[in-house]
Amino acid sequence: MPSHSRELLASAALVAGACAPASTPATCGEDPAVRAAIATAWAAHVDGHLRQDAEVAAAVYTDDVWMRWEGGLDLRGREAARAHYANLYGTMRITALAYTSDEVLACGDVAHETGRFDEAYETTEGPATYRGHYKEMWKRGEDGTWRVHQAAGGSLP
């Protein structure tokens, strides 16, 4: 390639780079709007559990969610979560459930949440309670809805 052609290509690359829109880095940190959207999603999840509606309870998850819980629970996919909840409702009834978000850090279409929850339930053996902690990775879908994409957690004393 002649030297003037290389110079033209180099100049064109410089001009194209200078005229290209600057990429705006995602702002990461606390975002009240994301925190509110996540709180709304948790409220619907709780409502599903209290009504023993596995479909509504599992709607908080992405189609390809991956959940790992203490004791070896490893669920992959919203359908697996729905089936797990439907099975769970056959052995117990959740009577109260409250989530407390300790931290939500949003970065673009992803948010990380750390929190805990308190649950009361009834079985054939009587009433019981469970306290747990969790770490969630939320993703914002094309429709703007925030859903849990990855989840992990366990019990609290």
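As shown above, the structure is provided for reference.
Structure report, in brief. Because the structure is a prediction, the values reported are computed rather than measured. (Residues numbered from 1 in each chain as written. Predicted model: local features only at pLDDT ≥ 70, side-chain atom pairs only at ≥ 80, totals over all residues. Heavy atoms only, no water.)

## Some points on the state of the cysteines
- Under the counting rule described, the total for this entry stands at 1 disulfide.
- Note on cysteine connectivity: C28 is disulfide-linked to C107, with sulfurs 2.0 Å apart. With C28 in strand β1 (residues 28-29) and C107 in strand β4 (residues 93-107), this residue pair connects regions lying 79 residues apart in the sequence.
- For C107, a relative accessible area of 32% corresponds to the partly exposed category. (Disulfide = S-S within 2.5 Å. Helix = DSSP H or I, 4+ residues; strand = E, 2+ residues; numbered from the N terminus. Buried < 20%, exposed > 50% of the residue type's maximum accessible area, 1.4 Å probe, protein only.)

## Remarks on helix α2 (residues 32-50)
- The end-to-end C-alpha distance of α2, which contains 19 residues, comes to 27 Å, matching closely the 27 Å that a straight helix rising 1.5 Å per residue would cover.
- Within α2 the residues assigned to the buried category are V34, I38, A41, W42, H45, V46, G48 and H49. What you see down the axis of α2 is that its buried residues fit within an arc of 155°, all on one side. Across from the buried face of α2, at angles greater than 90 degrees, the exposed residues are P32, A33 and T40.
- Two or three places before A33, at the opening of α2, D31 has a side-chain oxygen 2.9 Å from that residue's backbone nitrogen.
- Directly beyond the C-terminal end of α2, a positive phi value near 55° is found at Q52. (Expected span 1.5 Å × (residues − 1). Arc of directions from axis to C-beta. Polar contact = N/O pair within 3.5 Å; in protein donor to acceptor, adjacent residues only side chain to side chain.)

## Regarding the nonpolar core
- Judged by nonpolar contacts, the single largest core of 29 residues is most densely connected at Y61, M67, Y85, A111, W138 and V148.
- Mapped by element, the contributors of at least two residues to this core are α2, α3 (54-58), β2 (61-69), α4 (78-89), β4, β5 (110-123), β6 (126-140) and β7 (146-155).
- Ranked by the residues each element gives to this core, the list is headed by α2, at 5 residues.
- Beyond its immediate stretch of four places on either side in the chain, Y85 contacts H45, H49, A54, A57, A58, Y61 and M67. (Core = buried A, V, L, I, M, F, W, Y, C linked by side-chain atoms within 4.5 Å. Contact = heavy atoms within 4.5 Å.)

Nothing here speaks to function; it is geometry throughout.
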